[in-house]
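Report on the structure
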Amino acid sequence: MTFEEFFKKFKEKARRQDLDFLKETISKELKAREIRSGEIVDYHYNDSIEGWRQAFDYFADKDMDWIYTDNTIIPLNQNEWLASFWVSIRLDGELLETSNLFFNTFQNQDGKWQLVRTYIEAGVKNPDSAKVCS
């Protein structure tokens, strides 16, 4: 599967809140950092899965849509790609005021794409294209 095909599937599975897919796709060796209001949090696989689970549980009974705004995908080498994108949330028909900006690095390991590194700027200004989607 090409990276572009995988990345489309990754976004769709996350949008559908498919935790089993994320458990398989996020590398057990994940290295991750999130910046929120100037606070830096480093985390790894177990923390990532728990964060996704909490988010999915929180939004489970709400009218919520995830809006992906792709920025760039860059091949770092034959088996590694970096994808930068925003995730904005529309809750009860209203676009939330901020988004999260992701820089995710994926590696193809034995024919399977894995999220190996992520850097997130949380609570940033929505991209203009997210406002168009609302």
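Quick note: structure is the one above.
Computed from a prediction, not measured in an experiment: that's the story for all the values here. (Residues numbered from 1 in each chain as written. Predicted model: local features only at pLDDT ≥ 70, side-chain atom pairs only at ≥ 80, totals over all residues. Heavy atoms only, no water.)

**Observations regarding the overall build of the protein chain**
Regarding its fold elements, the protein chain presents four helices and seven strands. Mapped from its N terminus to its C terminus, the protein chain presents α and β elements in the order α-α-β-β-α-β-β-β-β-β-α. The C-alpha atoms of the protein chain give 15 Å as radius of gyration, which agrees with the globular expectation for 134 residues (14 Å, within 12%). Taking the principal axes of its C-alpha atoms as reference, the protein chain extends roughly 40 × 30 × 30 Å. Contacts spanning at least 24 positions in sequence make up 52% of the contacts within the protein chain whose residues lie at least 6 apart. Just so you have it, the protein chain exposes about 7900 Å², and 48% of that area is on carbon and sulfur atoms. Between the centroid of the 18 positive side chains of the protein chain and the centroid of its 24 negative side chains there is a distance of 2 Å. (Helix = DSSP H or I, 4+ residues; strand = E, 2+ residues; numbered from the N terminus. Rg over C-alpha atoms; globule rule 2.2 N^0.38 Å. Contact = heavy atoms within 4.5 Å. Areas by Shrake-Rupley, 256 points an atom, 1.4 Å probe, with all protein chains shown as cover. Lys, Arg positive; Asp, Glu negative; His and termini not counted. Charge placed at Lys NZ, Arg CZ, Asp CG, Glu CD.)

**Considerations on the pattern of salt bridges**
This structure, assessed with the given rule, holds 12 salt bridges. Across the salt bridge formed by Glu12 and Arg15, the nearest N and O atoms sit 3.1 Å from each other. Of this pair, Glu12 and Arg15 are both found in helix H1 (residues 3-15), three residues apart, which corresponds to roughly one turn of the helix. Residue Glu12 is classed as partly exposed on the basis of its relative accessible area of 29%. As a salt-bridge pair, Lys13 and Asp18 come within 3.5 Å of each other at their nearest N and O atoms. Given a relative accessible area of 24%, Lys13 falls into the partly exposed group. Relative accessible area serves as the criterion here: at 23%, Asp18 is assigned to the partly exposed category. Taken together, the shared-partner salt bridges connect Glu12, Arg15 and Arg16 into one network. (Salt bridge = Lys/Arg side-chain N within 4 Å of Asp/Glu carboxyl O. Buried < 20%, exposed > 50% of the residue type's maximum accessible area, 1.4 Å probe, protein only.)

**A few points about the environment of Asn108**
Structurally, the position occupied by Asn108 is in strand S6 (residues 98-109). Linking Asn108 and Met1, residues 107 residues apart in sequence, is a C-alpha distance of 9.6 Å. At 3.0 Å, the side chain of Asn108 forms a polar contact with the backbone nitrogen of Gly111. Reaching out from Asn108, the side chain makes a polar contact with the backbone nitrogen of Lys112 at a distance of 3.2 Å. (Polar contact = N/O pair within 3.5 Å; in protein donor to acceptor, adjacent residues only side chain to side chain.)

**Some words on the nonpolar core**
Ranked by size, the top nonpolar core spans 32 residues in total, and within it Phe3, Ile26, Trp52, Trp66 and Phe106 carry the most contacts. Among the elements that make up this core, the one with the highest residue count is strand S4 (residues 80-91) (six residues). (Core = buried A, V, L, I, M, F, W, Y, C linked by side-chain atoms within 4.5 Å.)

**Brief notes about the side chain of Glu34**
Within the secondary structure layout, Glu34 lies in strand S1 (residues 26-36). Among the polar contacts made by the side chain of Glu34, one reaches the side chain of Arg36 at a distance of 3.1 Å. Setting aside anything within four residues of it in sequence, one finds Glu34 in contact with Glu39, Ile40, Val41, Tyr43, Ile120 and Ala122.

**Overview of H1**
With 13 residues, H1 ought to run about 18 Å at 1.5 Å a step, and its terminal C-alpha atoms sit 18 Å apart, in line with that. What H1 keeps buried is the set Phe3, Phe6, Phe7, Phe10, Lys11 and Ala14. The arc that holds the buried residues of H1, viewed along the axis, is 135°, so those residues lie on one side. The secondary structure elements touched by the buried residues of H1 are helix H2 (19-25), helix H3 (45-59), strand S3 (64-77), S4, S6 and strand S7 (112-125). (Expected span 1.5 Å × (residues − 1). Arc of directions from axis to C-beta.)

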